[in-house]
Amino acid sequence: MQSLTKRRFGMGVDTVACVGCSACAIACKTENDVPQGHTRRWVNQRVEGRFPHLTMMVWSDSCQQCDDSPCVDACPTGASHVHEATGTTQVDRNKCTGCKACIAACPYGARYVRPEGYVDKCTLCIHRLKRGERTACEEVCPTKAIVVGDLNDSRSELSRRIAARHHRRQKVEAGTNPRFYLFT
Amino acid sequence: MLKNKLSRRTFLSLAGVAGVGAGVAAKTALGITDGFLEDLGEGTVADEVVPTVCEICFWKCGVLAHKKDGRVFKITGNPSHPLSRGRLCPRGAGGPGLLYDNDRLKKPLIRVGERGEEKFREATWEEALDRVAEGFQKVADEHGPEAVGMLYHGAGASFFKTLLHGFGTPNIAAPSYAQCRGPREVGFELTYGEGVGSPENLDMRNTRTLVLIGAHLGENMHNTQVQDFAECLGKGAKLIVADPRYSTAAGKADWWLPVRPGTDIALILGWMHVILREGWYDKAWMQRNTIGLDKLEAHVARYTPEAVFVETGIEPDVIVETAEALSATAPASLVHPGRRVTWYGDDTQRSRAIAMLNALLGNWGRPGGFNMTSNVPIAKTELPAFPEHRPIADKLDGQYIFAGSPLASGLRDATLTEKPYPIKAWMVYGCNLPNVLPNTQKTLDAIQKLDFMVAIDVLPAEVCGWADVVLPECTYLERHDDLIAPWYREPFAALRQPVVDPMGESKPGWWMAKQLAKRLGLEQFFPWENPREMIHARLKASGYNAAQIADVEQRGVILGEPEPLYLPTDYEYEYGTPSGKIEFFSQQLADAGFDPMPTYRRPEMPPAGSFRLLTGRAPSHTFGRTANNSLLLDSYPENELWVNRVIAADFGLLHGGYAMVFGEGDTKTGPIRVKVTERIRADCVYMVHGFGHSARGLSKAHGRGANDSAVTTRYETDPLMGGTGFNVNFVRIEPAPDSSLGGVEA
Amino acid sequence: MQNTTFTELTTTRMNPHVDPGLHIWGWEVPVYLFLGGLAAGLLILSSYAVLSRKKRDLPTSANWAPLLVVPALLIGLTALFLDLEYKLHVYRFYLTFQPTAPMSWGSWILGIVFVTSGLSTVYALYQLPWFANLGLAKMRLLQALRGFAGRHERGLATSNLVLGISLGIYTGILLSAFSARPLWNSSVLGMIFLASGLSSGAALAALMAARLNRDEASPEHEFLVRFDLTCIVVEAGLIGLWIVGLLTGTEAGREAAALILGGPYTAAFWSLVVAVGLVVPGTLEVMALRSRWNSHLVAPLLVLVGGVALRFILVNAGQVSAIAQTVGHG
């Protein structure tokens, strides 16, 4: 088991490579037992313009692993919390009452209620990171569009891409400081 | 006294609660509840990982099936397999959705109602297999063994092909030829002397300018090709997409050419015109490798950018610009040959035009173009010779002389017309014919002429409802199939082996074939107990020792020694054409009375108020095979009708509302969800193929979305090789009657 | 028309609580918010009666209002409990305090409110003439609690006042703390809910006063009417400020405001919340104060309806409001 000390994991999606195939979403489903009719991971497509002058952006999306997580702030029981070692936001299902404050708090619609009654979302496959494996979505992606890495490590693939590529983040005005980067 | 006690007790319990609260709060703050990860049970670690080969589509990626407590909970790409390279498309990842689909056929079925009523009774394997053998034998006795035909799709068909060849019939065809990539193979064969095969020999990862004509990579999710596509884009390749619809690929293109449907040949000839006019080609390479360049130059002289603009709607300067971009990076420029190319009936000529344009770019055997391939030679099982037989019945004398493989649509026609001779029995393997061959009514009429039909399938698709006997095959995760060893840039032989035992009474195809062989006196064609034994024997005969054979079962694949991918620049390659060179001018076509060089003919315009129906793929689905897969339905639950925004407004269609689609006669389909969009021309509409299932046994797919096959009644047959172009259907659209199903003005 | 461009956004996300729009809270939360506000108003009223030494002049407020606090909160909390998706973990609210989570504040405030208003309830019960005859009244525990409450009447009233104000404001903060829901994201919401709660409390007390005094105009009734009228005016002003704040804030705020200014919630908001809940009862109360014409029941009932409507419309419309999907920089 790898020791994960004081890292700040984030995710990047290369929107040039991403074709929106949903392999990530399905792999996540089977890896993390996501119930039918619910999604931890999904695909967005944005097309702008007027025929025939159109532009498109396609990307795989999920919880943004915010630095200033409104879901953690809003949780009354501490179920939604920051996992110290990885810096990721996680949900302790033993503490979740299903009050759904976190779902209201999340501007990205990343959370859902499992049929069992507690709230769930992308965990950045922390159980795999601990074993030194890549996340299920990163591993399966046929276009290598997804990269997960430690933002505190300037040599990680993610940090390098952020330094080298044009990038954007989503709903920054919500004050969430997301650790999810879209490379354009 | 009591008062004091009570107040003390009250105080103590209050304090106690506070204490517990504080204690737990302290625990939380110290992160001791990190233990939550242990009881998460998230993403269980497999206790067994079995390599095998996927068959959710027909690319056949190597996969790893992860099992826990005997249950396959996830499927990932096999890092050792050259097609998946450890990565997977969504459909492969959704394999468990098929494996555990409760609608799967579990027992053999024998029809009790009329054909098409989907009324069956369960039967034992004994009875069902006896019926099939009987059915075939009767037909053979009356009409000859050639009167038994087989229509199939999938790797598992190999055992049945052996069976029927042994039975004495040549009438075995896969729709994947005449209804899919056949025209492309012939177009390239006529030009280069060989086709592009599957997986195609494209060195796309090194391409610097890529042209996709209708090929919607990214929605077509052939794993390796999408990997290569992303790789070349990541390296800065320029992308030109010619498509009436703004596909995902078009969304990444440097140039999107929204061509008028049916005018692609004009565009391609226009590009050739510009390249030749400007001299943007390697003259020495042309000299060494091609013949007929001067004839071509004369032929394309009239396809000026201005003339092509009139036909295609693409501006002249864009045509010149894109021709320039293509030639600038030649020979690392590639025009993708397409996949399902049966569009307008002149598809062989269009594929030939694409082949010729590639030749002008000089990319055959060059980096970024078409690479050389090799294979892993595996000894075949020694079998007795197949009996002699009459010629195959898929075409009449003198028809489709350039066809290189049997025509499934031809076998259907022979069944209907009884010419050149009657076909009275069908075996249908893994192929949902009513939704595959254009003009469903013809298919159903042909079925009604049969004395006997057996369908072998995993799910109760529509075709099963028309069979006399239905044999339940287990999924690819539950069986051995023959070794899969294609010609590829990295030669390999992959092993499909069972991961779990078959569900219910479903059985592998090889077992059914052997059982039928027993009953038909053809056991000599199956001289092995089971495929594992067969495969071991073949590997041994090919020189592999026991350790290596065991390794194959561990890793799922044998990797061969790759041969050079590229031809040395000065190499005199012997092309398989009559002239030995790449033929810009095809004498054999001229001799047969066809255009020796592709010529453009203006396509039919849709009648007023109608739209050309275009179809394609969704990345998380494979035709109609996955419409019942609960894992995949979450990504794409129903198909949508793409309608141009202006047209939608004219016809009262709302985005998110539902529409009915009307074809020829009284054919119709729907309701289908409407996607009002800027992403498509105003003269066509588009939907993903494979929805609108009517089979009652497909509980999740039934009634979901619309079935384009229901309104695909017209088709144009390619005179060179018999391919059926079916992008020639014009449909009318109307809001669905129950428009209270919602919708908003876009 | 020729110059417009279109944006087409598709997603394959399909979480029932979030798609096609946020839908996490149904009737349970608005009911709780209303009853919480009502309880807060009743607490504040009864505290005022005690602290301003006007118990004799305001008997309903002092003695009857407190009796309704616990029932109101019990119903409200039951509604909240029903809303939980994992009810077995409800005790988790009380194993920790999360200072950034208004819900955590709320659970603890409610916990303490139950204790203090429980005491007030016991005390008020013993004020009822018929209660003393019940066997229940002879319980030593109750008598002890009553005595405690009696000895610390002013202290209890002070804490009820503080808790009532906290409760009233917190029900608004509960919503306004969600920056992801622009319609709610205004600091004024806490005060709106407090004013509304006070108004509802006063209205309910006025209803009770009218019943108890058998339709005779009493000084308390007049006081309550004035009090309610003041609350209505303040609430109207605060709602106005809230809308102005949305319109002069961010794009997201403007889009949210559009929901009640031409959007799907316009009719409901202006008719039920503003007309029925504020303008009509306010006018009736003005008329009542001027001309002594009293319809004791109509105005308070309208106020209560308006209070319920305010919570329902705000909770539903707020879930529709969202920060639009744009992809910004950085």
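Residues numbered from 1 in each chain as written. Chains lettered and ligands numbered in written order. Predicted model: local features only at pLDDT ≥ 70, side-chain atom pairs only at ≥ 80, totals over all residues. Heavy atoms only, no water.

Section: the overall build of chain A
Moving on, step 1. Across its full length, chain A carries six helices and 10 strands.
Moving on, step 2. In terms of C-alpha radius of gyration, chain A reaches 16 Å, essentially the compact-globule figure of 16 Å for 184 residues.
Moving on, step 3. Along the three orthogonal principal directions, the C-alpha set of chain A runs to about 50 × 35 × 35 Å.
Moving on, step 4. Put simply, chain A has 184 residues, and 73% of those count as buried. (Helix = DSSP H or I, 4+ residues; strand = E, 2+ residues; numbered from the N terminus. Rg over C-alpha atoms; globule rule 2.2 N^0.38 Å. Buried < 20%, exposed > 50% of the residue type's maximum accessible area, 1.4 Å probe, protein only.)

Quick notes on the overall build of chain B
Moving on, step 1. A count of helical and extended segments in chain B gives 22 helices and 26 strands.
Moving on, step 2. With respect to the three principal axes, the spread of C-alpha positions in chain B is 120 × 65 × 60 Å.
Moving on, step 3. Counting across all 746 residues of chain B, residues that qualify as buried make up 62%.
Moving on, step 4. When the 78 positive and 90 negative side-chain charges of chain B are each reduced to one mean point, those points stand 5 Å apart. (Lys, Arg positive; Asp, Glu negative; His and termini not counted. Charge placed at Lys NZ, Arg CZ, Asp CG, Glu CD.)

Here we look at the interface of chain A and chain B
Moving on, step 1. The partner chain B presents 49 residues to the 51 residues of chain A that form the contact.
Moving on, step 2. Of the roughly 3,900 Å² buried where chain A meets chain B, counting both sides, 57% is carbon and sulfur surface.
Moving on, step 3. There are two salt bridges connecting chain A and chain B.
Moving on, step 4. A salt bridge links A:Lys29 to B:Asp634; the shortest N-O distance between them is 2.6 Å.
Moving on, step 5. Linking chain A with chain B are 14 residue pairs in polar contact (both at pLDDT 80 or more).
Moving on, step 6. Of all the secondary-structure elements, those providing two or more residues to the side of chain A that touches chain B are helix H1 (23–32), strand S2 (42–50), strand S3 (53–61), strand S4 (80–83), strand S5 (88–91), helix H4 (126–129) and helix H5 (136–140) of chain A.
Moving on, step 7. Per-element accounting of the side of chain A that touches chain B gives the leading share, seven residues, to H1(A).
Moving on, step 8. Tallied by class, residues from the side of chain A that touches chain B come to 19 nonpolar, 18 polar and 14 charged. (Contact = heavy atoms within 4.5 Å. Buried area = accessible area lost by both parts, 1.4 Å probe. Salt bridge = Lys/Arg side-chain N within 4 Å of Asp/Glu carboxyl O. Polar contact = N/O pair within 3.5 Å; in protein donor to acceptor, adjacent residues only side chain to side chain. Nonpolar A, V, L, I, M, F, W, Y, C, P; charged D, E, K, R; others polar.)

Concerning helix H6 (residues 188–212) of chain C
Structurally, the α-helix is built with 3.6 residues per turn, so residues lying three or four positions apart point the same way.
Moving on, step 1. Between its first and last C-alpha, H6(C) extends 36 Å over 25 residues, near the 36 Å set by a 1.5 Å rise per residue.
Moving on, step 2. In terms of burial, H6(C) is a largely internal element, 22 of the 25 residues being buried. (Expected span 1.5 Å × (residues − 1).)

What to know about the packing of helix H2 (residues 59–83) of chain C against H6(C)
How two helices pack is summed up by the angle between their axes together with the distance between the axes.
Residue and element names in this part refer to chain C.
Moving on, step 1. Relative to each other, H2 and H6 sit at 115°, their axes nearing to 10 Å. Two packed elements cross with a definite hand, and for H2 against H6 that hand is right-handed. Every residue of H6 that contacts H2 at Thr-60, Trp-64, Ala-65 and Leu-68 is listed here: Leu-204, Ala-205, Met-208, Ala-209 and Leu-212. (Axes fitted to C-alpha atoms, helices over the stretch in contact; angles between N-to-C directions. Left-handed = near helix turned anticlockwise from the far one by under 90°.)

Describing the sheet that holds strand S9 (residues 238–242) of chain B
All names here are of chain B.
Moving on, step 1. The strand order across the open sheet formed by four strands is S10-S9-S8-S12, and the pairing between neighbours is parallel. Pairing within the sheet leaves two strands with one partner each, and these edge strands are strand S10 (255–257) and strand S12 (333–335). Taking the axes of each pair of neighbouring strands and ignoring which way they run, one obtains an average angle of 10° across the sheet.
Moving on, step 2. Relative to S12, strand S8 (residues 209–213) runs parallel, the two being bridged by three bridges. (Pairing = 2+ DSSP bridges.)

Structural notes on the packing of H2(C) against helix H3 (residues 102–127) of chain C
All names here are of chain C.
Moving on, step 1. Their axes nearest at 8 Å, the elements H2 and H3 cross at an angle of 140°. Classified by the angle between their axes, H2 and H3 sit oblique to one another. The two elements H2 and H3 cross, and the hand of that crossing is left-handed. From H2, Asn-63, Pro-66, Leu-67, Val-69, Val-70, Leu-73, Leu-74 and Leu-77 reach across to H3, where they touch Leu-110, Val-113, Phe-114, Ser-117, Gly-118, Ser-120, Thr-121, Ala-124, Leu-125 and Gln-127.
Moving on, step 2. A breakdown of the residues in the contact of H2 with H3 according to their chemical character gives 12 nonpolar, six polar and no charged. (Parallel < 35°, antiparallel > 145°, perpendicular 65-115°, else oblique.)

Some thoughts on the domain arrangement of chain B
All names here are of chain B.
Moving on, step 1. Under the domain assignment, chain B is made up of domain 1 (109–177 + 380–473 + 506–531), domain 2 (179–371 + 574–591) and domain 3 (611–735).
Moving on, step 2. A separation of 29 Å is found between the C-alpha centroids of domain 1 and domain 3.
Moving on, step 3. Counting from both sides, the interface comprises 24 residues of domain 1 and, opposite them, 23 residues of domain 3.
Moving on, step 4. Between domain 1 and domain 3, the buried area comes to about 1,800 Å², and carbon and sulfur atoms account for 51% of it.
Moving on, step 5. When the buried area of domain 1 at its contact with domain 3 is split by residue, Tyr-400, Asn-435 and Pro-438 rank highest and sum to 30% of it. (Domains from an automatic or database assignment.)

Structural notes on the confidence of the model for chain B
Residue and element names in this part refer to chain B.
Moving on, step 1. Residue-level pLDDT values for chain B average 93, and 93% of them are 70 or greater.
Moving on, step 2. Contacts of residues 1–41 to residues separated by more than four positions or lying in other chains number 21 contacts, the stretch itself having pLDDT below 50.
Moving on, step 3. As a predicted assembly, this complex carries a pTM of 0.92 together with an ipTM value of 0.95. (pLDDT = per-residue confidence, 0-100.)

Let's talk about the sheet that holds strand S8 (residues 146–150) of chain A
The strands making up a sheet are joined through hydrogen bonds of the backbone, oriented either antiparallel or parallel.
Residue and element names in this part refer to chain A.
Moving on, step 1. Sheet architecture is open: four strands sit in the order S8-S1-S10-S9, paired in mixed fashion. Since the sheet does not close on itself, it has two edges, and those belong to S8 and strand S9 (167–168), each with one partner.
Moving on, step 2. Relative to strand S10 (residues 180–183), S9 runs antiparallel, the two being bridged by two bridges. Within S10, the position partnered with His-167 by the bridge is Phe-183.
Moving on, step 3. In the packing of helix H6 (residues 157–164) onto the sheet, the strands contacted are strand S1 (9–14), S8, S9 and S10, and the crossing angle to S8 comes to about 110°.

Side note on the pattern of salt bridges
Moving on, step 1. Scanning all chains against the criterion turns up 62 salt bridges over all chains.
Moving on, step 2. Measuring nitrogen to oxygen at the nearest pair gives 3.5 Å for the salt bridge that ties B:Arg205 to B:Asp228. Separated by 23 residues along the polypeptide, B:Arg205 in the loop between helix H6 (175–192) and S8 and B:Asp228 in helix H7 (residues 223–234) bring together distant segments of the chain. Neither residue differs from the other here; B:Arg205 and B:Asp228 are each classed as buried.
Moving on, step 3. Ionic pairing is found between B:Asp482 and B:Arg538, a salt bridge with its closest N-O pair at 2.6 Å. With B:Asp482 in the loop between strand S15 (469–472) and strand S16 (492–494) and B:Arg538 in helix H18 (residues 531–541), the pair connects residues that are 56 residues apart, well separated along the chain.
Moving on, step 4. On the basis of relative accessibility, which here comes to 9%, the residue B:Arg538 falls in the buried class.
Moving on, step 5. Residues joined by salt bridges that share partners form a network here, namely A:Glu31, A:Arg128, A:Arg131, A:Glu133, A:Glu139 and B:Lys74.

Observations concerning a nonpolar patch on the surface
Moving on, step 1. Nonpolar side chains collect at one region of the surface, where C:Trp27, C:Phe81, C:Leu82, C:Val90 and C:Tyr91 lie side by side and expose about 460 Å² of accessible area between them.
Moving on, step 2. Structurally, C:Leu82 can be placed in helix H2. (Patch = residues over 30% accessible without salt bridge, like charges linked within 9 Å, V, L, I, M, F, W, Y side chains within 5 Å. Areas by Shrake-Rupley, 256 points an atom, 1.4 Å probe, with all protein chains shown as cover.)

Focus on the interface of chain A and chain C
Moving on, step 1. Taken residue by residue, the interface counts 54 residues in chain A and 47 residues in chain C.
Moving on, step 2. Taking both partners together, chain A and chain C bury about 4,300 Å²; carbon and sulfur atoms supply 54% of that area.
Moving on, step 3. If you sort the residues of chain A by the area they bury against chain C, A:Arg50, A:Pro76 and A:Lys100 come out on top, with a joint share of 15%.
Moving on, step 4. One salt bridge in this structure joins A:Lys100 and C:Asp83, with 3.3 Å as the shortest N-O distance.

Describing a negative patch on the surface
Moving on, step 1. A cluster of acidic residues, B:Glu315, B:Asp317, B:Glu321 and B:Glu324, forms a negative patch on the protein surface.
Moving on, step 2. When you line up the elements, B:Glu324 lands in helix H13 (residues 316–328).

Description of the packing of aromatic side chains
Moving on, step 1. Taken as a whole and judged by the stated rule, the model has 36 aromatic pairs over all chains.
Moving on, step 2. Geometrically, the ring pair formed by B:Phe136 and B:Phe452 is edge-to-face, given 5.9 Å between the ring centres and 85° between the ring planes. Pair noted here: B:Phe136 is in helix H4 (residues 125–143) and B:Phe452 is in strand S14 (residues 452–457), with a separation of 316 residues, a long-range link. With respect to burial, B:Phe136 and B:Phe452 carry one shared label: buried.
Moving on, step 3. For the pair C:Phe269 and C:Trp270, a centre-to-centre distance of 5.3 Å together with 85° between the ring planes defines the contact as edge-to-face.
Moving on, step 4. Taking the relative accessible area as the measure of exposure, C:Phe269 reaches 0% and is therefore buried.
Moving on, step 5. Members of the aromatic cluster, joined through ring pairs, are B:Phe188, B:Tyr192, B:Trp364, B:Phe370, B:Tyr573 and B:Tyr575.
Moving on, step 6. One residue, B:Arg350, lies across the ring of B:Trp343, its end atom 3.9 Å from the ring centre.
Moving on, step 7. Sitting over the ring of B:Tyr421, B:Arg390 keeps its end group 3.9 Å from the ring centre. (Phe/Tyr/Trp six-rings, centres within 6.5 Å; stacked < 30°, edge-to-face > 60°. Lys NZ or Arg CZ within 6 Å of the ring centre and 35° of its normal.)

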